[in-house]
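Overview (structure and organization)
For reference, the chains in residue letters:
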Amino acid sequence: QVQLVESGGGLVQAGGSLRLSCAASGSIFSINAMGWYRQAPGKQRELVATITSGDSTNYADSVKGRFTISRDNAKNTVYLQMNSLKPEDTAVYYCNAESTGWGYWGQGTQVTVSS
């Protein structure tokens, strides 16, 4: 089992920045990749960014050049630095961890970008 706890969401004006954190605990040795997803009201959950155990990263086209995913292995934490935020980035952001055959989710953190 893997437990994920997100933090760092909030309200920010367009053009501002936020940094989300996701702290993992439990069977972290089994994690192959971690990532961030988001879900806006009335929309499906979508991938934002992922990072593998080998530090390969992948981003949604909508956030490339604005968001950066990174990890601190000593703290078992993954971060999402979000810059140049837009109102369309408003959503609940979820941390995800993938191990062989299993996927884990955090409880989500709200990000609201005002125009």
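Heads up: the structure comes first, above all this text.
Let me sum up the structure you'll find in this document. (Residues numbered from 1 in each chain as written. Predicted model: local features only at pLDDT ≥ 70, side-chain atom pairs only at ≥ 80, totals over all residues. Heavy atoms only, no water.)

What follows is about the overall build of the protein. Summing up its helical and strand segments, the protein has 0 helices and 11 strands in all. In terms of overall size, the protein behaves like a compact globule, its C-alpha atoms giving a radius of gyration of 13 Å where 115 residues would be expected to give roughly 13 Å. By principal-axis analysis of the C-alpha atoms, the protein measures approximately 40 × 25 × 25 Å. Of the contacts formed within the protein by residues at least 6 apart in sequence, a portion of 53% connects residues at least 24 apart. Per element, the accessible surface of the protein, about 6100 Å² overall, is 48% carbon and sulfur. Averaging the positions of the 9 positive and the 8 negative side-chain charges in the protein gives two centres separated by 3 Å. (Helix = DSSP H or I, 4+ residues; strand = E, 2+ residues; numbered from the N terminus. Rg over C-alpha atoms; globule rule 2.2 N^0.38 Å. Contact = heavy atoms within 4.5 Å. Areas by Shrake-Rupley, 256 points an atom, 1.4 Å probe, with all protein chains shown as cover. Lys, Arg positive; Asp, Glu negative; His and termini not counted. Charge placed at Lys NZ, Arg CZ, Asp CG, Glu CD.)

Looking now at the state of the cysteines. One pass over the full model with this rule turns up 1 disulfide. Here Cys-22 pairs with Cys-95 through a disulfide, and the sulfurs are 2.0 Å apart. Handedness here is read from the sign of the S-S torsion; for Cys-22 and Cys-95, about -80°, the answer is left-handed. Here Cys-22, found in strand S3 (residues 18-26), pairs with Cys-95, found in strand S9 (residues 91-99); they are 73 residues apart in sequence, far enough to count as distant. (Disulfide = S-S within 2.5 Å.)

Before going further, it helps to examine the side chain of Glu-6. Secondary-structure assignment places Glu-6 in strand S1 (residues 2-7). Buried charge Glu-6 goes without a salt bridge, the closest partner of opposite sign being Arg-45 at 7.6 Å. Among the polar contacts listed, one links the side chain of Glu-6 to the backbone nitrogen of Gly-108, at a separation of 2.8 Å. Those residues within four positions of Glu-6 in sequence are excluded, and the remaining contacts are Ser-21, Cys-22, Trp-36, Tyr-93, Tyr-94, Cys-95, Gly-106, Gln-107, Gly-108 and Thr-109. (Buried < 20%, exposed > 50% of the residue type's maximum accessible area, 1.4 Å probe, protein only. Salt bridge = Lys/Arg side-chain N within 4 Å of Asp/Glu carboxyl O. Polar contact = N/O pair within 3.5 Å; in protein donor to acceptor, adjacent residues only side chain to side chain.)

Centre distance and the angle of the planes are the two values used to describe a pair of aromatic rings. In the structure shown here, the tally under the stated rule is 2 aromatic pairs. Ring centres of Tyr-37 and Trp-105 lie 5.1 Å apart, and the angle between their planes is 70°; this geometry places the pair in the edge-to-face category. Of the two residues, Tyr-37 sits in strand S4 (residues 31-39) while Trp-105 sits in strand S10 (residues 102-105), which places them 68 residues apart along the sequence. Trp-105 gets classed as partly exposed once you look at its relative accessible area, which sits at 39%. (Phe/Tyr/Trp six-rings, centres within 6.5 Å; stacked < 30°, edge-to-face > 60°.)

The next subject is the environment of Ala-49. Checked against the element boundaries, Ala-49 lands in strand S5 (residues 46-52). Of the residues examined, Ala-49 reaches a relative accessible area of 0% and is grouped as buried. Sequence spacing of Ala-49 and Ser-27 is 22 residues, and the spatial spacing of their C-alpha atoms is 22 Å. Those residues within four positions of Ala-49 in sequence are excluded, and the remaining contacts are Met-34, Gly-35, Trp-36, Asn-58, Tyr-59, Ile-69 and Leu-80.

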